[in-house]
Structures are given as structure tokens and as C-alpha cells.
Amino acid sequence: MEYWATIGIAILTYAVLSVSLNLLFGYIGELSMATAAFFGIGAYTAAILSMPPAQSIAGLTLSSGVSGYDLNPWVAGVVGVVLAAVAALIISVPAVARVRGESLILLTFSFQLVFSQLLTSMQSVTGGDQGISGLKPLAIFGHEFTQARQAIWFYVVLLIAVVALGMLLGSSPYGRLLRGMRESESAVLSVGKPVIVPKLLVFSVACGIAGTVGVLQSNYLQSVAPASFDVNVSILVVAAVVLGGAGNIWGALLGSVILGGLTPVIRNFTADAHASQWQAIIFGVALFVIIAFRPNGLIPEGSRLRRGRRPQPELSEATPTPDTAHSRIEVTSESRPVALAVDAEPILVVKGLSKRFGGLQAVNDVSFSLPERTITALIGPNGAGKTTIFNLITRAITPDAGSVTLRGADISAMDPREIAIQGMVRSFQDVRVFQKMSALDNVAVAVPQQPGEWAWPLLLRPVSSRRREREVRDRALDCLSLVGLSKVAQQPVGSLSFGDQKLVAIARLIATDGELLLLDEPTSGVDPGSVEGVIEVIQSLRDIGKTVCLVEHSLHFVDKLAEHVIFLDQGRLTAEGSLEELTSRPDLVTLYFGT
Amino acid sequence: MNMELLEQLLVSGIVLGSLYAALAVSFGIIYSTTRVFHLAHALVFTCGAYAAVLTASTFGTPVWVAMIVGVAASILIGLGIQAGPYTIVQRRSKDPINVFIAALAVGIAGTALLELLFTASNRPLTGFPEHTFVVGSVTVTLVDVVSMVVAWLSILAVGLFMTRTNRGRAITAVRTNAGMAEAVGISKKRVYLLVFAIGSAIAGLMAQFVTLNGAATPSMGLRYVLIAFMAVFLGGIGSIKGAAVGGLALGLITMLTGLWVSLDYGTAIAFGVVIVMLIIKPHGLFGRAAV
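**Description of the overall build of chain B**
- Helices and strands together make up the secondary structure of chain B, namely 11 helices and 2 strands.
- The linear arrangement of helices and strands in chain B, starting from the amino end, is α-α-α-α-β-β-α-α-α-α-α-α-α.
- Considered along the principal axes of its C-alpha atoms, chain B spans approximately 60 × 50 × 35 Å.
- Counting over 291 residues, chain B shows a buried share of 53%.
- Expressed as a percentage of contacts within chain B between residues at least 6 apart in sequence, the contacts between residues at least 24 apart total 76%.

**Observations regarding the overall build of chain A**
- For chain A, the helix and strand inventory stands at 24 helices and 16 strands.
- Burial statistics for chain A: of 595 residues in total, 50% are counted as buried.

**Focus on the domain arrangement of chain A**
Residue and element names in this part refer to chain A.
- Looking at the assigned domains, one finds that chain A contains domain 1 (2–309) and domain 2 (346–593).
- Measuring from the centre of the C-alpha atoms in domain 1 to the corresponding centre in domain 2 gives 43 Å.
- For the side of domain 1 that touches domain 2, the secondary-structure elements that each account for two or more residues are α7 (173–183) and α8 (185–190).
- With 7 residues, α7 is the single largest residue contributor to the side of domain 1 that touches domain 2.

**Some words on the pairing of strand β8 (residues 360–371) of chain A**
Residue and element names in this part refer to chain A.
- Pairing analysis gives 8 bridges linking strand β7 (residues 346–357) to β8, with the strands arranged antiparallel. Bridge pairing in β8 links Arg 356 to Gln 361.
- Between the end of β7 and the start of β8, which pair antiparallel, lie 2 residues, with Gly 358 showing a positive phi angle near 55°.

**Quick notes on the interface of chain A and chain B**
- Facing the 34 residues of chain A at the interface are 35 residues of chain B.
- Those elements that place two or more of their residues in the side of chain A that touches chain B are α3 (73–98), α4 (103–121), α10 (231–244) and α12 (275–293) of chain A.
- With 12 residues, the single largest contributor to the side of chain A that touches chain B is α4(A).
- Looking at the side of chain A that touches chain B residue by residue, the class counts come to 25 nonpolar, 7 polar and 2 charged.

**Considerations on the sheet that holds β7(A)**
- Pairing within the open sheet is antiparallel, and its 4 strands lie in the order β8-β7-β10-β11 (chain A). Edge positions in the sheet fall to β8 and β11 (409–410) of chain A, since each of these pairs with one other strand and no more.

**Here's the deal with unusual backbone geometry**
Residues and elements named next belong to chain A.
- Although it is not a glycine, Asp 365 adopts a positive phi angle of roughly 50°.
- For Asp 365, the location among the structural elements is in strand β8.
- Phi is positive for Arg 432, which is not a glycine, with a value near 55°.
- You can see Arg 432 is positioned in the loop between β12 (424–426) and α17 (439–444).

**As for the confidence of the model for chain A**
Residues and elements named next belong to chain A.
- On average, residues of chain A score 82 in pLDDT, and 89% of them reach the 70 mark or higher.
- For chain A, per-element mean pLDDT is lowest for helix α14 (residues 313–318), which scores 40, and highest for helix α2 (residues 35–50), which scores 94.
- Within the model, pLDDT remains below 50 along residues 304–342, and this stretch shows 44 contacts once partners closer than five positions in the same chain are excluded.

**Quick word on the environment of A:Ala439**
Residues and elements named next belong to chain A.
- Summarising the element assignment, Ala 439 is placed in helix α17.
- By C-beta crowding, Ala 439 is classed as buried, having 30 other C-beta atoms within 10 Å.
- Separated by 386 residues in the primary sequence, Ala 439 and Pro 53 have C-alpha atoms spaced 60 Å apart.

**A closer look at helix α1 (residues 2–28) of chain A**
All names here are of chain A.
- End to end, α1 covers 39 Å across 27 residues, agreeing with the expected 39 Å (1.5 Å per residue, within 8%).
- At Asn 22, α1 shows its strongest bend, of approximately 35°.
- Burial runs high along α1: 19 of the 27 residues are buried.
- In the stretch just after α1, Gly 29 is the one whose phi turns positive, near 70°.

**Let's talk about the sheet that holds strand β13 (residues 516–520) of chain A**
Residues and elements named next belong to chain A.
- Judged by pairing direction, the sheet is mixed, and its 6 strands sit side by side in the order β12-β13-β14-β9-β15-β16 without closing on themselves. Of all strands in the sheet, those with a lone pairing partner are β12 and β16 (572–577), marking the two edges. The sheet shows a mean angle of 20° between the axes of neighbouring strands, direction not considered.
- Summarising the sheet, strand β15 (residues 564–569) and β16 pair through 5 bridges and their orientation is antiparallel. Opposite Val 565, over in β16, you have Gly 577 as the bridge partner.
- Here helix α21 (residues 528–543) sits on the sheet in contact with β9 (375–379), β13 and β14 (547–551), set at roughly 150° to β14.

**Looking at helix α1 (residues 3–34) of chain B**
Residues and elements named next belong to chain B.
- For α1, with 32 residues, the first-to-last C-alpha span of 45 Å sits near the 46 Å given by 1.5 Å per residue.
- Judged by how many residues are buried, α1 sits mostly within the fold: 23 of 32 residues are covered.
- A positive backbone phi angle near 60° is found at Arg 35, which sits one or two residues after α1.

**What about the environment of B:Val135?**
- Tracing the backbone through its elements, the reader meets B:Val135 in strand β1 (residues 132–135).
- Once the C-alpha coordinates of B:Val135 and B:Gln8 are considered, the two residues, 127 residues apart in sequence, prove to be 9.9 Å apart.

**With respect to the pairing of strand β10 (residues 401–406) of chain A**
Residue and element names in this part refer to chain A.
- The pairing of β7 with β10 spans 5 bridges and is classified as antiparallel. Counterpart to Val 349 in the pairing with β10 is Thr 405.
- Inspection of the sheet shows β10 paired to β11 by 2 bridges, in the antiparallel sense. Bridging from a neighbouring strand, Leu 406 pairs with Ala 409 of β11.
- What sits between β10 and β11 in their antiparallel hairpin is a turn of 2 residues, with Arg 407 showing a positive phi close to 50°.

**A short note on the packing of helix α2 (residues 41–59) of chain B against helix α8 (residues 188–213) of chain B**
All names here are of chain B.
- Their axes nearest at 8 Å, the elements α2 and α8 cross at an angle of 55°. In terms of their interaxial angle, α2 and α8 are classed as oblique. In this structure, α2 crosses over α8, and the sense of that crossing is right-handed. Residues His 41, Val 44, Phe 45, Gly 48, Ala 49, Ala 52 and Val 53 of α2 lie in contact with α8, whose contacting residues are Ser 200, Ala 203, Gly 204, Ala 207, Gln 208, Val 210 and Thr 211.

**Comments concerning the packing of helix α5 (residues 142–164) of chain B against helix α6 (residues 166–176) of chain B**
Residues and elements named next belong to chain B.
- Interhelical geometry of α5 versus α6 gives an angle of 85° and a closest axis separation of 5 Å. The orientation of α5 relative to α6 falls into the category roughly perpendicular. On α6, the residues that touch Phe 161, Met 162, Thr 163 and Arg 164 of α5 are Gly 168, Ile 171 and Thr 172.
- Each residue belonging to the contact of α5 with α6 can be placed in one class, and the counts come to 3 nonpolar, 3 polar and 1 charged.

**Quick word on the confidence of the model for chain B**
- With 98% of its residues at a pLDDT of 70 or more, chain B shows a mean pLDDT of 90.
- Taken together, the chains of this predicted complex give a pTM of 0.83 and an interface ipTM of 0.89.

**Observations regarding the environment of A:Leu106**
- Looking at the element boundaries, A:Leu106 is found in helix α4.
- What makes A:Leu106 buried here is the crowd of 21 C-beta atoms within 10 Å.
- Along the sequence, A:Leu106 and A:Glu144 sit 38 residues apart, while their C-alpha atoms lie 41 Å from each other.
- Setting aside its immediate chain neighbours within four residues, A:Leu106 contacts B:Phe229, B:Met230 and B:Phe233.

Analysis parameters
- Residues numbered from 1 in each chain as written.
- Chains lettered and ligands numbered in written order.
- Predicted model: local features only at pLDDT ≥ 70, side-chain atom pairs only at ≥ 80, totals over all residues.
- Helix = DSSP H or I, 4+ residues; strand = E, 2+ residues; numbered from the N terminus.
- Buried ≥ 20, exposed ≤ 12 C-beta atoms within 10 Å, placed from the backbone.
- Contact = placed C-beta atoms within 7 Å.
- Domains from an automatic or database assignment.
- Pairing = 2+ DSSP bridges.
- Nonpolar A, V, L, I, M, F, W, Y, C, P; charged D, E, K, R; others polar.
- pLDDT = per-residue confidence, 0-100.
- Expected span 1.5 Å × (residues − 1).
- Bend = angle between axes of the 7 residues up to and from the residue.
- Axes fitted to C-alpha atoms, helices over the stretch in contact; angles between N-to-C directions.
- Parallel < 35°, antiparallel > 145°, perpendicular 65-115°, else oblique.
- Left-handed = near helix turned anticlockwise from the far one by under 90°.

Structure (C-alpha cells):
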């Protein structure tokens, strides 16, 4: 019994650590190589703070010479968890806030190494290689739990709490935002949603959880030693998550059952001294086989278990949609653009915009304004600077000079997210939809004012968050039906045609409530049959009061849509007017089509 | 301030920094070209050390023969890892994190295998002439001097190779735009193998000096390789000069820490410097933001 309980505790320890890493790897796609270090910070802090001060009896110092602070173990535990979370925050700031890619791996890996080194070298604080022993046992109101079969219940409770947190996160707007970030940070920013704070929060929560298991372990074992918190443990936890399947709590659990369960099995077959080596070899091989041949793990994200867990019948039935026949929006017979309303108030005014890339003057002193509720097209040969202008006015790139005013307010100093919140949102030439998420979730990410996408309201005001979430989903479905895609709301966007993906991107823009939509080549790569559908959708945008500015190559498309055309060549604004006016100028025709 | 200590630590810092610089260049050329977070570089490093130790102890060869065998073993292992496991994963998935996980798998399994074969105990490499130079208050060993010279010669060689030869320029082409490079007839596969060969050779070379100064152990490589990673990030990805300067800086910081606190804290302080640097200059000292 005690033997099985010990194995159970090993499995549960890995399970909590894997679920915590999975929050990070699964939801935001970042890998931490320092799980064991944060686990260790919790354990060592709790141990050192709750130890009695060093006592000398007849000149001999007891308990490895480590001097403690004799704090209440619960207080010490809380401090341990907080320290783990704070340390995580510090480590992750450069990775999350400034540099991308593998830097979090590097920073966490190095942190792990430094942590292990400090544990052994700071002899007087940590007890060096021997660690610290002789801690007070795990106790509640004086009742002690020293046996594995008693202590295991603490682990069970912790695991249930952590799994519940993970599931809440997974099904919440917060989780949706995180998954969106995992696929495209720039797209999340472009619809006015935050990226840095949610990431930092997830990282510190995940590491705080690792610290919590550490606290529990030091109290249960009544000792801490550096070997439990070294880099190999971190690697094994990564292995458990990858084996089981990232982005999926059940996968992480399966991975840790294999991980925790395999060790005793190996011990039965090999000499004890070689067990950890065989474990590493088996895991190394298994990890490689999985990543090479089944990279989504044994239980991939979004497989049966997940769907069974949260059925959503109300979506397809309860809300009636205007496009039940899956037809695109009805368009009035008047499909030709009306003449430009000259006195229309300009919504956006751009003055003197310039940008130089090395030796290339990409945009050169461009000034224009966009009249409200009209469709403007930016046209011009390749390299004219059309997309660069989008990047400059949304501040994806910093201009060298120039000012941008949106509805009279200067937005030149804002960042892309603030600009999106102000009402100017853009799409991307390469769509940047969230491929693995459903069409509905893609659009729902963009709906503004969702309390549930912040951690505190999600936890503290669950009822109102949930009510708002229903509204958000209805709104997202409305936006999808506006582009004629409500039928495929539940399908992962990656499975839709490219044309439909572009429409999902447009629906995502509509959902932001932005007034000014910048569309970067909405029809490029779309098959000719679907182009008419895109045209109808964009016309309907004007009808619902939006202002549209698009970059487009197809003159047919521009002719059908745009009242106002801006012609760019080599970074300069060459001409402006209706398409008819521009095409009547032979010099422009030559520029555009060549001779 | 203790001037004698300062002088000694400066010299030791330059010796250590040269080692780090060469390792950073060896890792950097692989990472910036292939985008593989080549953690198994640690295994390549360690295998080079073991190959030399085993050659010397089994066949009784002169130490320099053993060292050459060691470098050759590193090159073979490095090429094998790229041609085998990495290529298998790269063929199926574009996500660099998947190749990193493959690297992790190769790294832990390989290290454990070394432990099973040779136990975790220290295996020294002996026979290198023991000579110590004393200049004023500073002492430096012959091994250190040779290691420093070899380190900077390899860095110089890589630099010249990259800028003066067609194959070197092909590497730069693949690094900056792999698709376009393939379109003009450069074989990405060959370039990848080439950078793995160059990187592994330098790693194997430096492993010899680390072993001469200490001993081979199965897990010796990880620490050095992680420091090399840090140096690359510190200097800026894609820049040989950056990697070399980053490595030298980390070595100096690690050693100069000894002026104030125990050298045990050197790596921790160097790590702190890297974190601060990454906040101030996210693209490193010599790196440029991708446009």
C-alpha cells in the first residue's frame, strides 16, 4: 500500500508539473526548461524559512549547518509560491516583452543551470549537495501526515485544483486569446488585444504552480536536496507534455502517468544505479519517435476527449442567422460605386509620411485623407509602398516622419494595439487567421470588452464573465454571417479554402467594431469564383457604415468598389481621384501596365 | 582594489572568454543558418572529449593524435545528428520547436548512454606538456595559451571562410533567404551539413582543452553549450563578430566577479548581465532587427 502510494505521489508530482508546463507550451506555445528550478524555489524557500535556527550542541552544528527562520510552515509555503512566481516574471520579461523565438528556452535553460549551480555552491544557505533535512512534518492543526498514503491526498487535491484551473482557462476567453497569440501575435495586436501581460501572467502562474508542488514536497519528505530540482527533471517534464500532447490537459496527465509509472518498472529490470540512465534513454527515444512521427502527441489538442467535454449545441440552433441558405449577402442592383461624396468628413488624415529602408526610400512624403463611409483603393505597381503605408499608419513599423490623425486625434505616437482600439484595424496580405481555432473563435477573439479575457474577472466574477461570453459568441456569429460563413462557424479555419479564410479575417475586423478597415489585398490568392463574394462583402461594409481602405491589384475589383483611388509609384503619391479619372491619364496607364 | 588579483583575473577571463567565444561561433554558425536550437551540440562536445580520452588510454597514442581523433569524432557525430534525427523531423515539420525537442531527445539519450558506458566518473586526458608561464604576478599554463590561440585562429578562419569563399557565401545566402538561395542552385541540405561540420569541429577542438584542464564527464558539455547560446544572444544572432565578442564578454564577467564575491557566482552574474542586456538591446550587441 505504502509502496503504491509512493509511486502515486511521484506520478501526481509529475502530473502537476506537466499540467503547469502545459499551460505555457499548450496555450501560448512557449517552452520552459526551468520547471524544476521553480519547483525547487518553492521547496527550498519553504524549507529554509520553516527550519529552526541552527543550534550548536557542544560545538557541533546540527542539520547540515543551515540556519532557518522558524516560520510557520504555511506562511513559509506561501512565500515559496510567491517567490517562484516572481522569479518567473523576472526571467520571462526579456523573452516575452522584447525578443521572440527561442529566447525563452535559452533564458529558462540558463536559469535552470544557474539555479542548480547556486544550490550546490551556496552551502551556508542551502546545505550544498546534501540539501536540508529534518524539517517539520506536514501537519494541519497539529495532526501530522508523514506516510505516503496520507500525504497523497494533498497531491490529489492540488492536482484537481490545477486541472480545474487549466480547464477553466482552456474554455475561457482568456484561453482563446492565448491560443490566438500562439498562432499569430501580430494578428492579436491588430485587433486591439493585449499580448504581453497575459503571457507574463500565464508564465508566472505556471511557475507558481510548480513552486506549490515544491512546497508540498519539502513538507512531505521533510527534506530537500538539489538532485530533485536539476535540469534532468525539467527535461522529463517537457518530455511528459510532448509525449502526451501539448495544449491538452489529458495529454499532460497521460504523459506524467507514463513518466512516473515507468521509473519503478525500470528499477525492477536494471540495477538501481542504472535506472535513471535507462529512464533517460527510453524517454529520449520515445520523445524522438513522437516528435518525428506524431508531433501532436498521443492525445492531440482538440481530440475526442476535448469535444466530449464541452458540447456547444446552442450555437448552431439557438441563434437564427440571416444567411441560412449559405448565400452571400444580398446586394442591391446598384453595384457600381456612387460618386465620391466630396464633402464627406475625412476620418483619417495622413500628412508627410516617409520611411526609408537602408538605401530605399519606400514611402516618400505621402499625404492623403480618407473620407468617411467610402471605399478607397491604394493602387500602384509592385514596390510602390502600398503595404508599407498600412504598416506605417498602424505603427507596425515606425515612420521616419509624418503625422496620422484619426477622427481629429493624433495617433502618431500610439502602438498598433492602441490604434486598433481607436477604431482603425487592418488585415494582412497573408491573412494570419488562427489556423487551429474554429472560425467562431477566430472572430470572437476580436470582440471588444470581454472581461473574461483577463484573469481576475474570470476567477472573481465568473457569472457575469460567462453571460458576456454568450453575447460575445452571438456577436461573433453575427459577424460571420455578415460574410456568409455562419455555416462553418465550428470548423477549424485551417480546413477552409483560402478565400473563406480571407473572409474570416474580414469578419474578425468587423467584430472589433472598428470604423476604419484597412484591407491588404483582400482578393489575392482567392479563386476567381469567390472574388465576387469578397466584393459583395466589402460593399456591405460600407452599407453598415464602415470606411474601407484597400490595397488591390485587380482593376476590375477597384472599378467595382472604390469611389476614391490613390495611385502610388516608388513611394510617392502620384495621383488621386476616381478610377475613371486616373485611367484616362496615359502616363499612369503606362506606369501601371508597362509599355 | 587588489591590482594583482585584477591582473590575474583579467588574464583568466580572457582565456575563458576565448573558449566561450569559439564555442559561441561554433553554435552561432549552426543556429543562425539552420535555425536549429542545437542542444545536442553538448553531446558533440562531450563525444569529442571521450574519443580523445579513449584513444589515448586504449592505444597509448601521443596526446596530439588523440586530440585529432577527438575532433574527427565530433565532426562525425555532429554530421550524424543533422543527417539523421534532425533531418527526419525537419522533413515532417517546419516548426523549429519540434527540432529543438528532437535535439533534447538526442541530448538526454546520448548523455545517459555515455554514463552507462563510461560511468559518471571523471576521465582525464594526460600527456600534454605541462608548462607554466609567470609574468609578474600572473600565471598562465601552456594549455591555456594554446587553447586561446587555437580559439581565435578558428574564429578568424570561420570569418575568412564566410566572406572570402564561395561556399562561405552560400552559407550566408541560405541564412538570409533559404528559398531564394535554393532557387539559384545552392543545396540547402549541403549547406546545413557544412555548417554542422564546421561547428562540430570547433566544439570538438575546444572540448580537448577543457578536458586537458579538467576531465571528461558525460554531462560536461551542457554547461559550455548553454553559455555559448547566451553569448550568441548577447552578441546578436547571425553575426560571427557578435558571437565572439559575446563569448569574450561572458568569460571576462565570469572571472572578474572574483574581485568581489566567490567565483562560484560568476555564471549567475553573467546570466544576470545577459537578461539585462536582452531587455536593453533585444537584438544583441551586433544584431539587427529582422525587417
